[in-house]
Structures are given as C-alpha cells and as structure tokens.
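# Structural overview
These are the residues of each chain, in order.
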Amino acid sequence: MTKDLTRLLRPKSIAVIGGGAWCQQVILQSERMGYAGQIWPVHPKATEIAGHRAYASLEDLTAPPDAVFIGINRHATIEAVRTLSATGAGGAVCFASGFSEAVAEDDTGGDLQAQLVAAAGDMPILGPNCYGFINALDGALLWPDQHGAKPVESGVAILTQSSNISINLTMQKRALPIAYMVTCGNMAQTSQAQIASALLDDPRVTAVGLHIEGFKDIREWEALAQKAHSKGIPLAALKVGASEQAQAATVSHTASLAGSDAGAQALLERLGIPRLSALPDFLETLKLLHCYGPLPGSNIASISCSGGEASLIADMAVGTGLSFPRLSDGQKAHLREALGPMVALNNPLDYHTYIWRDEAAMAKAWAGMTGDDIDLTFSILDYPTTDASDWAYASRAAMKVRAEIGARFAVAATLPELLPEDVAQELMDGGVVPFMGLREALAATEAAGQVTAPSGTPVTLPGTAEAKRTLTEGESKRVLAECGLRIPQNRTVTGADQARAAAQDMDAPFAVKGVGLAHKSEHAAVRLGVLAEDVADVAADIGTPEILIEEMITGTVAELLVGVVRDPAHGFVLTLGAGGVLTEVLRDTASLLVPSSADDIRSALGKLKIAPLLGGYRGQPAADMDAIVAAVEAVQAYVMQNADTLGEVEINPLLCTPDKAVAVDALIRKA
C-alpha cells in the first residue's frame, strides 16, 4: 500500500479534460467551494470553458496537473491517461464507463480495463466508471454531479463503490461534517483500501466510513486496519452482501467477488471494524466517532422527562449488547439533590418536568447520569415543529454538562425529523452528539464500542485449485489425528471376518458405519451401541463394501460442529456451532477466520446458545474447554498445512465430555 495519492486528493492544480456539462460542473463546483488552486480546462476546439481559458491539449499545460478529471469516452480516456502518466501528473479520475463492469454486455470491457491500467503505470487513477471525489477541506471537487457537501475544517471521510449512494450521503442533514466523499468505481488500479489508507494521512480526517461491496486484497485491508489503529482514526463499515440478491447485485455492479457474508463479518471483526446495516446508522456512527472516537465500553445512561421514553430506550436496547448500569450511591445523592424526593431514581431515568426550563437544574441532574462507568449518556429530546423555544434550555443544559465535566453526552430524538439541523449543528459545536432517531442512536453507540485493535496475525489465504476429491471418514480422521485431533479407536474393514477381528481388538460398544456415503444417517448406515458379537451382522446389513468400526464415546456433555470452508474472498471461514442432530435445527453457530487464537475460539464458543451446556447446566458436569480449544486448533493446523488444496473440513459431531473432546465423524474435501 505504497501508492501516493496526496497530489490527487489534495491538489494545487486541477485539469478537466472534456467540455460537456459534466466537465463544466467540476469547474463550477470547485469554484463555489472556494478552491484556491489552478483550474485548467482541456479541449481541442474550445477557447474558454466555464470562464477559464481552455488548452487545446495536455501538452499545452504550463505544468503537470496534480489532479485530472477525464470526462471523455473510454477509448480516448486510455490515451489521455497514457499522456498524463508520461508527463508526471499526480493522478486522474476516470469518469467513463464501459470497462470491466460492462463485460456481460460488451466482451471488450475487460481488455480495455487492462489497457487503462497499463497506460497509467505508476500514476494513481480512480475508477473507471467513477464519479471522483469531493475534498470539502480544500474545496477541490473532481465531481460532475449535484452534491450537498459544505466546507469544513475537519470531518469524516466516506468511501463508496456506488456513485449514487455517495450523492445521497452528501445530502444528509444530520450535522455530520464530511471532509471527503470518494467514489471508487471499478478500482481497476487503486483499491478502496489504498484510498482509505491515503486519507488516514490527512490529520483533518477524524474517522473513515467504508461502504464495501467486496474485499479485493485481504492483505491491503489488514494493513489499513493496522495503520488506522496506530493513528487512532476509527473505521466503520457498511458491508452489503448478506442476501443472495445483494451478492448477485454486487458481482454485476463491481465485477468483484462478494464471498460469503459470514466470511465478511468474520473479517471485519478480525480487523476491529464495526459493521452497520443501514445508511442512517452508518452516518450516526460516523458522527459519534467524529465527536468522541471509539467508546471504551457498552454502558449507557438515559435521562428523559417521560416514563414512556425511558421504557422505550430500555426496550430498544434489548439485544444490542448495550447495558444500563445501576445508579451508584454517589449518583443517587447527586440526583436527589437536583430533583428532590418526588422522582424515582433509576437508569433509564424519568426526571418528570419539575425542573423543565431551569437550565442550571437540568444540567445538574443530567450530570448526575454520567460517571466513570458510563460510556455515553443520552438525553432524550424531541424538538417540536411548532414552538421549540423552551427546548433551547435543554440544548444549553446538555452543552453545559459537556463543557463543565467533559463527559461523553448525547441528545437523541426518538424520531429523526424531530431534531432540526440547526439545533444539531449547535449541539455539535458544543461537543454534544446530536442523534437523529433513537434506533439509530443505539446502533451507533453499539458500533462505536466495537472498534478494537485488529488482529496481528494475517489471515490464511486459500489456493485456487478446485476441490473435487472427498476423503473417506477414516482417511479424514487419520490426517486430522496427525495434527493433534483426538479420534476414537477405529478400524476400516471389508467382510465379516475382518469385522469380527476388529471387534476383538477394541472395546465395545461400537459405532458401525458404512463408508463412501455422503449422508450416512439418511441411508441407515450408522448404527450405535453395537455389541462385539453383533458387529459382523450389522456390517452385512449396512451393505457397503467397506465398514468403519469405532469405539463409542460415553459421558458426552455436548456435541459441537467444527467446520472450515474455503471462501475465496475472505480466507478460510471457521464455524463453531451446535453439532449432531441439532446442527440444522438450532442453526446455532459463530464464525471466525483461520487462524484464530485460543481466546477468540473461547469467545466464539461463549456466544453459542448451547454455551450453558458446555459450562455445566443445572448441576451437570462441564465440558473440558481446554480439550475443545485444542481440537479446534488441530483442525486449524491441518487447514494451514493444506491451504493450497483444501476446500472444506467438517467435524460433526465433536463429542465433548468432562475430560476430552473427540471427533467421531469427519469429512475433508480437497483438490
């Protein structure tokens, strides 16, 4: 990630190639935003464009431009990029479409994109099929369409692969200062992670929001997360692709592989990047991160003048991971002094209306809902659309709390439309987060508490060979056992005589299984609790040429699924979940990426619905967690040793007892 985008993103000179309405907008909008640098239109026939002298060719420019908007057709774009690269330009935005995103309709698109990349050489380009960017800090807009951006001195950077979504985001009326809006287009040469990395170098950027359709290079994303963490600039993601329809749209839109959603989620968690699922939540999260950065935890407090609002936020927080700590004795004493004896003291707190319009009393009461164990305090306020003059007291009280005690404080409207933009801006200027919508506020608060340090261990990258070969259960168990996985004593036999002999060498009872069937239980090819004298008859009844006989495991506390699937977009996805007959019934799983640490494995197991069983439920013995973690680590070891050829590993079930974890069924698919 060494590409230098400084000249492109923070230009002192802008060239605009083309004379149409799109190109004129680039010139006019930079001027309106107060851009102080040089603007050079380039057109072979025009003498003037948008009030600026036009140059007949790039060779006629007085110096190599820092940033160039190329608003001509795709074939001419390639030639312009070649010339710009040769003359030392800082970088270019390629507006034209008809490249790799159009391969389904035009099979020349992929070849043209390759030509474009070759023409650019070391010069960075954004796109093609790209709207460019807005730099609202310096007033540089290589942007051909409408926007709602305003000049700012600092703010968040937003990157998206969708030009239309980027336009909509600039139109937000939420008092969020947007410093950069960048569209990535096809990312033929410069990736989203590389652009984000460059934006981290601008000290005026407070947070970076990423609308992601697909991860092209995991190593770049790992480097980005490490750089952001080292600089103390939080990242937040709106990742699409949870549905089959979204994945199909992603592939058609960007010609990139979306991969599995579980893989994407696991990768973002590994990178320490919180994931949002809606644009309002995304914007409110960036607003909170701009004001306060990541939250240290998930403890919140709420104060409102209505019991209905107190109940509402309490119910809406259920399932979010946010919690309302009980009030301390010190908080209660402070609140009792401010509110008197008529108010029941709780968190969330309904302070009634006894102190309404008393700015000092309101500030004193609200300060009582802050504390070292509170990560963010909410004051719920809906500003009426009729006469909101009394609410000015509440706004000033919130800002007074922030100014005097420095606590993280937010004003949250239950409905987004009941917090006017001018009031939101006033609160922002006073250091208070203005949340528009209670649901959005809770989503943002949860996300801000999920910004963590990225894993320092690189993801294991898979090979590309097609995994067509499925190992037998016996083969799968053998190779996994070589990596440390515990398996039952077993024998693979042919015929009645071998079956009887195997039964004499092991301890009954046995599990007797047919070999070569993908779903043995559906063919009645798994028999449990078989006695030694019955092994030969059961084997004959199953009827497969080969039979697997193994000792049964007793004292099982719980059954687990341990699965690993190759995900070309994200690495190897490790899934832990309820196993055995409960796998498809409960669908109780947690996903990680290989390799994951022992602590990460324990944390994932703790999130499962069957976690109480593993811990010893209602007086029952607990499973041996060390043995379970060791089993998962053994599977990971096999995956890493066979990453180039592996397609899938599945242990189901892993029988967990108080003193061991044993894989009684295994499947491996590889090239």
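To start, this report covers the structure provided alongside it. Nothing here was measured: the structure is a model prediction, and the numbers come from that model. (Residues numbered from 1 in each chain as written. Predicted model: local features only at pLDDT ≥ 70, side-chain atom pairs only at ≥ 80, totals over all residues. Heavy atoms only, no water.)

## Structural notes on the overall build of the protein
Counting its regular elements, the protein contains 23 helices and 30 strands. With respect to the principal axes defined by its C-alpha atoms, the protein has extents near 95 × 80 × 35 Å. A total of 671 residues make up the protein; the buried ones form 55% of that total. Summarising the internal contacts of the protein: among those between residues at least 6 apart in sequence, 71% fall at separations of at least 24. Accessible area for the protein stands at about 27500 Å²; split by element, carbon and sulfur atoms hold 50% of it. If you average the places of the 50 positive and of the 77 negative side-chain charges in the protein, the two averages end up 2 Å apart. (Helix = DSSP H or I, 4+ residues; strand = E, 2+ residues; numbered from the N terminus. Buried < 20%, exposed > 50% of the residue type's maximum accessible area, 1.4 Å probe, protein only. Contact = heavy atoms within 4.5 Å. Areas by Shrake-Rupley, 256 points an atom, 1.4 Å probe, with all protein chains shown as cover. Lys, Arg positive; Asp, Glu negative; His and termini not counted. Charge placed at Lys NZ, Arg CZ, Asp CG, Glu CD.)

## Things to note about the packing of helix 12 (residues 329–339) against helix 13 (residues 359–367)
Following both chains from N to C, one finds helix 12 and helix 13 inclined at 160°, their axes separated by 8 Å at the closest point. Accordingly, the angle class assigned to the pair helix 12 and helix 13 is roughly antiparallel. The handedness of the crossing between helix 12 and helix 13 is left-handed. Across from His334, Leu335, Glu337, Ala338 and Leu339 in helix 12, the residues of helix 13 making contact are Lys364, Ala365 and Ala367. (Axes fitted to C-alpha atoms, helices over the stretch in contact; angles between N-to-C directions. Parallel < 35°, antiparallel > 145°, perpendicular 65-115°, else oblique. Left-handed = near helix turned anticlockwise from the far one by under 90°.)

## A closer look at the environment of Asp138
Its location among the elements puts Asp138 in the loop between strand 8 (133–135) and strand 9 (140–142). Residues Asp138 and Met33, 105 residues apart in the sequence, show an inter-C-alpha distance of 8.2 Å. Here Asn135 takes part through its side chain, which lies 2.9 Å from a polar atom of the side chain of Asp138. (Polar contact = N/O pair within 3.5 Å; in protein donor to acceptor, adjacent residues only side chain to side chain.)

## Structural notes on the pairing of strand 11 (residues 178–183)
Looking along a regular strand, one sees side chains alternate from face to face of the sheet. Of all six residues in strand 11, six are buried; the element is thus mostly enclosed. Judged from the three bridges that link them, strand 8 and strand 11 form a sheet pairing that is antiparallel. Of the residues in strand 11, the one forming a bridge with Asn135 is Tyr180. In this sheet, strand 11 lies alongside strand 10 (residues 155–160) in parallel orientation, the contact comprising five bridges. Residue pairing in the sheet places Leu159 in a bridge with Val182 of strand 11. Tracing the backbone out of strand 10, into helix 5 (residues 163–170) and back to the parallel element strand 11 gives a crossover that is right-handed. (Pairing = 2+ DSSP bridges. Right-handed = clockwise from strand over helix to strand, strands pointing away.)

## Structural notes on the pairing of strand 5 (residues 67–70)
Residues Ala67 and Phe69 of strand 5 are buried on one face, and the alternating residues Val68 and Ile70, pointing to the opposite face, are buried as well. Taken together, the four bridges between strand 1 (residues 13–17) and strand 5 define a ladder with parallel strand orientation. Opposite Ala15, over in strand 5, you have Val68 as the bridge partner. Across three bridges, the pairing between strand 5 and strand 6 (residues 92–94) is parallel. By the bridge assignment, Ile70 is partnered in strand 6 with Cys94.

## Comments concerning the pattern of salt bridges
Throughout the structure, instances matching the rule amount to 31 salt bridges. As a salt-bridge pair, Glu421 and Lys150 come within 3.5 Å of each other at their nearest N and O atoms. Taken as a pair, Glu421 in helix 15 (residues 421–429) and Lys150 in the loop between strand 9 and strand 10 lie far apart in primary sequence, 271 residues in all. Under the relative-accessibility criterion, Lys150 is labelled partly exposed at 48%. (Salt bridge = Lys/Arg side-chain N within 4 Å of Asp/Glu carboxyl O.)

## Observations concerning helix 12
If you check which residues of helix 12 are buried, you get Gln331, Leu335, Ala338 and Leu339. The arc that holds every buried residue of helix 12, seen down its axis, measures 80°, which confines them to one face. With respect to the buried face of helix 12, the exposed residues turned more than 90 degrees away are Asp329 and Glu337. Elements in contact with the buried residues of helix 12: strand 16 (349–350) and helix 13. With its phi angle positive at about 85°, Gly340 sits one or two positions after the end of helix 12. (Arc of directions from axis to C-beta.)

## Observations concerning the sheet that holds strand 2 (residues 38–42)
Pairing within the open sheet is parallel, and its five strands lie in the order 2-1-5-6-7. The open sheet is flanked by strand 2 and strand 7 (125–126), the only strands paired with a single partner.

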